[in-house]
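Chain residues, written in single-letter form:
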Amino acid sequence: MREQYRSEGFTEDTLAADPMQQFAHWFRQIAAGGMVYEPNAMVVSTATPDGRPSSRTVLLKKYDARGFVFFTNYASRKGRELDANPYVSLLFPWHPLARQVIVTGTAARIAREETVAYFRTRPHGSQLGAWASEQSSLIGSRQELIDRYEELAARYPEGERIPAPPEWGGFRVVPETIEFWQGHENRLHDRLRYVREGDGWRVERLSP
């Protein structure tokens, strides 16, 4: 299977001075176009201290000048791996527009008050789900999970405030590099990468 990518040029003179501004520009285009299902879905890759990698799809919940934020159970596999080894990679696979964004950097837990503030914005069912699932742990059956959820739903009916689980919270990924990949015909893709240099950024062009 092979596709010919057809898209407009992507050159250094079109880039924003800051990679988070460039990300915001692309993200708004993707979100407004309606061609990508859940454009905030990203592949988060972590590794154990001895270098064994793992990847999973997670939803980006916030981005700003400080980096990219997602939420998880800190006792999950990715949570444990990031606590032991903070180096992380993010991949946004925006295939319908032949675009990718690849981020490398380090992850750290966000402040508890920031986690609680976000938790309050989640739908009631998602709040219950965060309590019901001991993410990445072994479970005997799906029914066990449903039973936990229903028990919590009875304890916290719709409209009642649910506390944020103590083991659940956010990670902020502070980027060291951000690559913007634009596909073209004949595999002559554009790959422009921002690399952090002190308080600023250097832009590199990579061969496809």
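Preceding this paragraph is the structure being described.
All values reported here derive from a predicted model rather than from experimental measurement. (Residues numbered from 1 in each chain as written. Predicted model: local features only at pLDDT ≥ 70, side-chain atom pairs only at ≥ 80, totals over all residues. Heavy atoms only, no water.)

K.L.:
Please set out the side chain of Asn85 residue by residue, giving values where relevant.
P.N.:
The topology assignment puts Asn85 in the loop between α2 (77-84) and β5 (87-94). Given a relative accessible area of 13%, Asn85 falls into the buried group. Within polar-contact distance, the side chain of Asn85 engages the backbone oxygen of Ala47 at 3.2 Å. (Helix = DSSP H or I, 4+ residues; strand = E, 2+ residues; numbered from the N terminus. Buried < 20%, exposed > 50% of the residue type's maximum accessible area, 1.4 Å probe, protein only. Polar contact = N/O pair within 3.5 Å; in protein donor to acceptor, adjacent residues only side chain to side chain.)

K.L.:
Any chance you could break down the nonpolar core for me, citing the residues and the numbers?
P.N.:
Core analysis: the biggest nonpolar cluster contains 29 residues, and Phe23, Phe68, Leu90, Phe92, Trp94 and Val101 have the highest contact counts within it. At the level of elements, α1 (19-33), β1 (41-47), β4 (67-73), β5, β6 (99-109), β7 (168-182) and β8 (190-197) are the ones that each hand at least two residues to this core. Looking at this core element by element, the count peaks at 5 residues for α1. In this view, Trp94 contacts Phe23, Trp26, Phe27, Ile30, Val36, Pro39, Arg99 and Val101; residues no more than four positions away in its chain are not counted. By size, the runner-up hydrophobic cluster in this structure holds 13 residues, among which are Ile110, Tyr118, Ala130 and Ile162. (Core = buried A, V, L, I, M, F, W, Y, C linked by side-chain atoms within 4.5 Å. Contact = heavy atoms within 4.5 Å.)

K.L.:
Give a detailed account of the layout of surface pockets, specifying residues and quantitative values.
P.N.:
The volume enclosed by the largest pocket comes to roughly 380 Å³. The wall of the largest pocket is formed by 16 residues, among which Phe71, Thr72, Arg122, Gln135 and Trp168 lie closest to the centre. Sorting the residues of the lining of the largest pocket by element identifies β2 (53-59), β4 and α4 (124-132) as the ones contributing at least two each. Looking at the lining of the largest pocket, its residues break down into 7 nonpolar, 6 polar and 3 charged. (1 Å grid on protein atoms, 1.4 Å probe; cavity = no way out; pocket = protein on both sides within 12 Å on 5 of 7 lines; lining within 4 Å. Points joined across faces, edges and corners; volume = space filled by probe spheres on them. Nonpolar A, V, L, I, M, F, W, Y, C, P; charged D, E, K, R; others polar.)

K.L.:
Could you give an account of unusual backbone geometry, naming the residues involved and the relevant values?
P.N.:
For Glu38, which is not glycine, the phi torsion reads 50° and is therefore positive. Turning to its location among the elements, Glu38 is positioned in the loop between α1 and β1. A positive phi angle, close to 60°, is found at Arg187, a residue other than glycine. Tracing the backbone through its elements, the reader meets Arg187 in the loop between β7 and β8.

K.L.:
Now, about α1: what can you tell me, with residues and values included?
P.N.:
Here α1 spans 21 Å end to end across 15 residues, near enough to the 21 Å set by a 1.5 Å rise per residue. For α1, every residue scored as buried is listed here: Pro19, Met20, Gln22, Phe23, Ala24, Trp26, Phe27 and Ile30. At the N-terminal boundary of α1, the capping side chain belongs to Asp18, with an oxygen 2.8 Å from the backbone nitrogen of Met20. Following α1 by one or two positions, Gly34 adopts a phi angle in the positive range, close to 70°. (Expected span 1.5 Å × (residues − 1).)

K.L.:
Describe in detail the pairing of β6, supporting the description with residues and values.
P.N.:
As paired elements, β5 and β6 share 8 bridges and run antiparallel to each other. From the neighbouring strand, Phe92 faces β6, where its bridge partner is Val101. The antiparallel hairpin formed by β5 and β6 contains 4 residues in its connecting segment, where Ala98 sits at a positive phi of about 50°. Summarising the sheet, β6 and β7 pair through 11 bridges and their orientation is antiparallel. When the sheet's bridge partners are listed, Gly105 is paired in β7 with Pro175. (Pairing = 2+ DSSP bridges.)

K.L.:
Please give an account of the environment of Thr104 that cites residues and values.
P.N.:
Take Thr104: it is sitting in strand β6. Note: C-alpha distance between Thr104 and Asn40 (64 residues apart in sequence) is 17 Å. If we skip the residues at most four places from it in the chain, Thr104 touches Val88, Ser89, Val174, Pro175, Glu176 and Thr177.

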